Amino acid sequence: MKVTVIGCSGSLPGATSAASCYLVQAEGFSLVLDLGSGSVGPLQRHLDLADLDAVLISHLHPDHCIDLLPLYVARTYDPRRRFDTLPVHLPVGGGEHLARAYGRGEHPGLGSAYDFLEWSAGSHRIGPFTVTVARVAHPIETWGMRLEHEGAVLTYSADTGPCAALVDLATDADLALIESAFETGRDDHLPRDLHLTAREAGEAATAAGVRRLVITHLPPWNDHGLARRDAAATFAGPLELAAPGATYDVNPM
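Thresholds applied
- Residues numbered from 1 in each chain as written.
- Predicted model: local features only at pLDDT ≥ 70, side-chain atom pairs only at ≥ 80, totals over all residues.
- Heavy atoms only, no water.
- 1 Å grid on protein atoms, 1.4 Å probe; cavity = no way out; pocket = protein on both sides within 12 Å on 5 of 7 lines; lining within 4 Å.
- Points joined across faces, edges and corners; volume = space filled by probe spheres on them.
- Helix = DSSP H or I, 4+ residues; strand = E, 2+ residues; numbered from the N terminus.
- Nonpolar A, V, L, I, M, F, W, Y, C, P; charged D, E, K, R; others polar.
- Core = buried A, V, L, I, M, F, W, Y, C linked by side-chain atoms within 4.5 Å.
- Buried < 20%, exposed > 50% of the residue type's maximum accessible area, 1.4 Å probe, protein only.
- Contact = heavy atoms within 4.5 Å.

Chemist: Whenever I open this one, empty space enclosed by the protein confuses me. Can you help?
Modeler: Gaps left between atoms show up when a probe the size of a water molecule is rolled over them. Applying the stated criterion across every chain, the model contains two cavities of 30 Å³ or more. The computed volume of the largest cavity comes to approximately 50 Å³. Surrounding the largest cavity, Ser180, Phe182, Glu183, Thr184, Thr197, Ala198, Asn222, Asp223, Leu226, Ala227 and Asp230 form its lining. Take the lining of the largest cavity: its biggest share by element is three residues, from helix H8 (residues 224–234). Partitioning the lining of the largest cavity into residue classes produces four nonpolar, four polar and three charged. In this structure, the second largest cavity spans a volume of roughly 30 Å³. Along the walls of the second largest cavity sit Ser20, Tyr22, His64, Tyr156, Ser157, Ala158, Asp159, Glu179, Thr216 and His217, which together make up its complete lining. Looking at the lining of the second largest cavity residue by residue, the classes come out as three nonpolar, five polar and two charged.

Chemist: Got a minute to help me understand the nonpolar core in this structure?
Modeler: General note: in soluble globular proteins, nonpolar side chains tend to be found buried as a group. Ranked by size, the top nonpolar core spans 30 residues in total, and within it Val24, Leu31, Leu33, Leu56, Phe129, Leu147 and Leu154 carry the most contacts. Elements with a contribution of two residues or more to this core: strand E1 (2–9), strand E3 (21–26), strand E4 (29–33), strand E5 (54–56), strand E9 (129–135), strand E10 (143–149), strand E11 (152–156) and strand E12 (175–179). Excluding residues within four positions of it along the chain, leucine 31 makes contact with Tyr22, Leu23, Val24, Leu52, Ala54, Leu56, Ile126, Phe129 and Leu147. Counting residues in each nonpolar core, the second largest holds 28 residues, with Val32, Val55, Leu60 and Leu110 among its members.

Right, dumping it as C-alpha coordinates:
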(Lines give C-alpha, C1' and ligand atoms only; values in the text may rest on other atoms or scores of the structure.)
Protein backbone atom coordinates (compact mmCIF):
# COMPACT_ATOMS: atom_id res chain seq x y z
CA MET A 1 0.00 0.00 0.00
CA LYS A 2 1.44 3.35 -1.07
CA VAL A 3 0.36 6.65 0.49
CA THR A 4 1.10 10.06 -1.05
CA VAL A 5 0.37 13.30 0.80
CA ILE A 6 -1.42 15.61 -1.64
CA GLY A 7 -2.45 18.25 0.90
CA CYS A 8 -1.97 18.44 4.66
CA SER A 9 -2.78 22.04 5.63
CA GLY A 10 -5.43 22.35 8.33
CA SER A 11 -8.60 24.44 8.02
CA LEU A 12 -7.57 26.10 4.72
CA PRO A 13 -4.87 25.78 2.07
CA GLY A 14 -1.52 27.21 3.10
CA ALA A 15 1.13 28.89 1.00
CA THR A 16 2.84 25.56 0.35
CA SER A 17 0.07 22.99 0.76
CA ALA A 18 -3.50 22.29 -0.21
CA ALA A 19 -5.95 21.24 2.48
CA SER A 20 -6.49 17.59 3.42
CA CYS A 21 -6.04 14.97 0.70
CA TYR A 22 -4.13 11.67 0.77
CA LEU A 23 -3.72 9.36 -2.22
CA VAL A 24 -3.72 5.65 -1.36
CA GLN A 25 -2.84 3.02 -3.98
CA ALA A 26 -2.57 -0.75 -4.18
CA GLU A 27 -3.00 -3.32 -6.95
CA GLY A 28 -3.57 -0.61 -9.54
CA PHE A 29 -6.47 0.87 -7.54
CA SER A 30 -6.29 4.56 -6.52
CA LEU A 31 -8.45 6.32 -3.96
CA VAL A 32 -8.17 9.56 -2.01
CA LEU A 33 -8.91 10.16 1.63
CA ASP A 34 -10.65 13.55 1.55
CA LEU A 35 -10.50 16.10 -1.24
CA GLY A 36 -10.08 19.41 0.56
CA SER A 37 -9.77 22.92 -0.79
CA GLY A 38 -7.01 23.32 -3.36
CA SER A 39 -6.22 19.60 -3.63
CA VAL A 40 -7.34 18.77 -7.18
CA GLY A 41 -4.47 20.78 -8.65
CA PRO A 42 -1.57 18.98 -6.95
CA LEU A 43 -3.40 15.64 -7.19
CA GLN A 44 -2.84 15.83 -10.97
CA ARG A 45 0.94 15.79 -10.41
CA HIS A 46 0.58 12.25 -9.12
CA LEU A 47 -2.45 10.82 -10.93
CA ASP A 48 -4.44 11.29 -14.11
CA LEU A 49 -7.92 12.22 -12.90
CA ALA A 50 -9.36 9.48 -15.12
CA ASP A 51 -7.45 6.92 -13.06
CA LEU A 52 -9.07 7.84 -9.75
CA ASP A 53 -11.21 4.90 -8.62
CA ALA A 54 -12.89 6.17 -5.42
CA VAL A 55 -13.11 9.13 -3.04
CA LEU A 56 -13.53 8.69 0.71
CA ILE A 57 -14.77 11.83 2.48
CA SER A 58 -14.47 12.02 6.26
CA HIS A 59 -16.79 14.99 6.78
CA LEU A 60 -18.40 17.93 5.02
CA HIS A 61 -16.22 20.85 6.11
CA PRO A 62 -14.77 22.55 3.00
CA ASP A 63 -11.15 21.78 3.84
CA HIS A 64 -12.03 18.08 3.50
CA CYS A 65 -14.58 17.88 0.68
CA ILE A 66 -15.00 21.01 -1.42
CA ASP A 67 -12.68 20.00 -4.27
CA LEU A 68 -15.24 17.42 -5.28
CA LEU A 69 -16.69 20.41 -7.14
CA PRO A 70 -13.69 21.21 -9.40
CA LEU A 71 -13.27 17.46 -9.87
CA TYR A 72 -16.90 17.39 -11.02
CA VAL A 73 -16.11 20.11 -13.56
CA ALA A 74 -13.15 18.14 -14.90
CA ARG A 75 -15.15 14.91 -15.13
CA THR A 76 -18.14 16.60 -16.77
CA TYR A 77 -16.71 19.15 -19.19
CA ASP A 78 -13.32 17.81 -20.32
CA PRO A 79 -13.94 17.58 -24.11
CA ARG A 80 -11.14 15.06 -24.66
CA ARG A 81 -12.71 12.09 -22.93
CA ARG A 82 -15.60 10.59 -21.04
CA PHE A 83 -15.39 9.56 -17.41
CA ASP A 84 -17.14 6.68 -15.67
CA THR A 85 -19.30 7.45 -12.65
CA LEU A 86 -17.02 7.76 -9.62
CA PRO A 87 -17.94 6.21 -6.24
CA VAL A 88 -17.79 8.81 -3.47
CA HIS A 89 -18.22 7.59 0.11
CA LEU A 90 -19.32 10.41 2.39
CA PRO A 91 -21.51 11.38 5.36
CA VAL A 92 -25.30 11.43 5.27
CA GLY A 93 -26.65 14.24 3.11
CA GLY A 94 -23.32 14.84 1.40
CA GLY A 95 -24.76 14.75 -2.11
CA GLU A 96 -27.33 17.43 -1.33
CA HIS A 97 -24.71 19.51 0.51
CA LEU A 98 -22.37 19.54 -2.49
CA ALA A 99 -25.18 20.22 -4.95
CA ARG A 100 -26.17 23.29 -2.94
CA ALA A 101 -22.55 24.45 -2.79
CA TYR A 102 -22.29 24.19 -6.56
CA GLY A 103 -25.65 25.91 -7.09
CA ARG A 104 -27.45 22.94 -8.62
CA GLY A 105 -31.05 22.37 -7.59
CA GLU A 106 -31.02 18.68 -8.43
CA HIS A 107 -28.81 16.11 -6.78
CA PRO A 108 -28.30 12.80 -8.38
CA GLY A 109 -24.58 12.62 -8.38
CA LEU A 110 -24.19 16.18 -9.67
CA GLY A 111 -25.39 15.15 -13.10
CA SER A 112 -24.32 11.49 -12.65
CA ALA A 113 -20.60 12.29 -12.32
CA TYR A 114 -20.65 10.66 -8.88
CA ASP A 115 -22.27 7.74 -7.12
CA PHE A 116 -22.74 9.09 -3.61
CA LEU A 117 -22.56 6.31 -1.01
CA GLU A 118 -23.32 7.34 2.57
CA TRP A 119 -21.13 5.91 5.31
CA SER A 120 -22.34 3.47 7.93
CA ALA A 121 -20.22 2.30 10.85
CA GLY A 122 -18.20 -0.85 10.30
CA SER A 123 -16.13 -2.40 7.51
CA HIS A 124 -16.54 -1.89 3.78
CA ARG A 125 -14.76 -3.45 0.83
CA ILE A 126 -13.51 -0.70 -1.50
CA GLY A 127 -11.32 -2.02 -4.30
CA PRO A 128 -8.55 -4.13 -2.74
CA PHE A 129 -8.93 -2.42 0.64
CA THR A 130 -10.94 -3.25 3.72
CA VAL A 131 -12.01 0.14 5.06
CA THR A 132 -13.34 0.36 8.60
CA VAL A 133 -14.95 3.63 9.65
CA ALA A 134 -16.13 4.95 13.00
CA ARG A 135 -17.52 8.27 14.20
CA VAL A 136 -14.90 10.45 15.88
CA ALA A 137 -15.20 13.54 18.09
CA HIS A 138 -16.02 16.52 15.86
CA PRO A 139 -19.07 18.83 15.88
CA ILE A 140 -20.51 17.39 12.64
CA GLU A 141 -20.73 13.79 11.42
CA THR A 142 -17.09 12.79 10.94
CA TRP A 143 -15.61 9.40 10.16
CA GLY A 144 -12.12 8.25 11.07
CA MET A 145 -10.80 5.52 8.79
CA ARG A 146 -8.72 2.35 8.97
CA LEU A 147 -7.52 0.86 5.67
CA GLU A 148 -6.14 -2.67 5.53
CA HIS A 149 -4.41 -4.39 2.61
CA GLU A 150 -2.49 -7.65 2.75
CA GLY A 151 -1.78 -7.25 6.45
CA ALA A 152 -0.74 -3.59 6.27
CA VAL A 153 -2.77 -1.04 8.25
CA LEU A 154 -3.18 2.69 7.60
CA THR A 155 -5.21 4.88 9.95
CA TYR A 156 -6.52 8.35 9.12
CA SER A 157 -7.90 10.30 12.05
CA ALA A 158 -9.85 12.88 10.03
CA ASP A 159 -10.71 15.82 12.33
CA THR A 160 -11.25 14.77 15.92
CA GLY A 161 -10.77 15.56 19.54
CA PRO A 162 -9.55 12.86 21.93
CA CYS A 163 -11.77 9.77 21.72
CA ALA A 164 -11.70 6.00 22.14
CA ALA A 165 -12.78 5.50 18.54
CA LEU A 166 -9.50 6.92 17.25
CA VAL A 167 -7.46 4.57 19.42
CA ASP A 168 -9.54 1.62 18.21
CA LEU A 169 -9.07 2.59 14.55
CA ALA A 170 -5.33 3.03 15.06
CA THR A 171 -4.67 -0.19 17.00
CA ASP A 172 -1.38 -1.70 15.75
CA ALA A 173 -1.41 0.55 12.67
CA ASP A 174 1.75 0.49 10.57
CA LEU A 175 1.18 4.16 9.70
CA ALA A 176 -1.19 6.66 11.31
CA LEU A 177 -2.04 10.06 9.87
CA ILE A 178 -3.27 11.96 12.93
CA GLU A 179 -4.38 15.57 12.97
CA SER A 180 -2.99 18.28 15.23
CA ALA A 181 -4.83 21.53 14.59
CA PHE A 182 -4.63 22.74 18.18
CA GLU A 183 -1.53 23.96 20.04
CA THR A 184 -0.97 23.18 23.71
CA GLY A 185 -1.35 26.35 25.75
CA ARG A 186 -2.79 28.54 23.02
CA ASP A 187 -5.94 26.49 22.40
CA ASP A 188 -6.56 24.93 25.82
CA HIS A 189 -9.76 26.96 26.28
CA LEU A 190 -11.41 25.58 23.13
CA PRO A 191 -13.91 22.69 23.09
CA ARG A 192 -12.28 19.25 23.19
CA ASP A 193 -14.52 17.74 20.49
CA LEU A 194 -12.89 19.79 17.74
CA HIS A 195 -9.22 18.90 17.28
CA LEU A 196 -6.16 17.33 18.87
CA THR A 197 -2.93 18.91 20.02
CA ALA A 198 0.26 17.20 18.87
CA ARG A 199 0.74 15.97 22.43
CA GLU A 200 -2.72 14.34 22.31
CA ALA A 201 -2.01 12.89 18.87
CA GLY A 202 1.11 11.26 20.32
CA GLU A 203 -0.85 9.96 23.29
CA ALA A 204 -3.45 8.37 21.01
CA ALA A 205 -0.74 6.79 18.85
CA THR A 206 1.04 5.40 21.91
CA ALA A 207 -2.20 4.00 23.37
CA ALA A 208 -2.96 2.31 20.04
CA GLY A 209 0.50 0.83 19.53
CA VAL A 210 1.04 2.73 16.28
CA ARG A 211 4.35 1.87 14.61
CA ARG A 212 4.86 5.13 12.67
CA LEU A 213 3.14 8.46 13.27
CA VAL A 214 2.67 11.30 10.82
CA ILE A 215 1.28 14.52 12.30
CA THR A 216 -0.94 16.34 9.84
CA HIS A 217 -3.70 18.98 9.43
CA LEU A 218 -1.51 21.77 10.80
CA PRO A 219 -3.08 25.19 10.04
CA PRO A 220 -0.76 27.77 8.46
CA TRP A 221 -0.54 29.68 11.75
CA ASN A 222 0.74 26.72 13.78
CA ASP A 223 4.36 26.32 14.90
CA HIS A 224 5.59 23.12 13.22
CA GLY A 225 8.60 22.85 15.50
CA LEU A 226 6.35 22.94 18.55
CA ALA A 227 4.10 20.28 17.02
CA ARG A 228 7.05 17.96 16.50
CA ARG A 229 8.37 18.49 20.03
CA ASP A 230 4.96 18.01 21.64
CA ALA A 231 4.26 14.81 19.70
CA ALA A 232 7.71 13.44 20.52
CA ALA A 233 7.02 14.02 24.21
CA THR A 234 4.22 11.44 24.16
CA PHE A 235 5.20 9.12 21.28
CA ALA A 236 8.55 7.37 21.23
CA GLY A 237 8.35 5.76 17.80
CA PRO A 238 9.21 7.06 14.32
CA LEU A 239 7.57 10.46 13.92
CA GLU A 240 7.38 13.14 11.25
CA LEU A 241 5.21 16.00 10.06
CA ALA A 242 3.24 15.54 6.86
CA ALA A 243 4.54 17.39 3.80
CA PRO A 244 3.03 17.68 0.32
CA GLY A 245 4.46 15.07 -2.01
CA ALA A 246 5.75 12.84 0.79
CA THR A 247 5.23 9.14 0.05
CA TYR A 248 5.05 6.14 2.36
CA ASP A 249 5.15 2.44 1.59
CA VAL A 250 2.91 0.90 4.23
CA ASN A 251 3.92 -2.67 4.93
CA PRO A 252 3.09 -5.00 7.81
CA MET A 253 5.77 -5.18 10.48
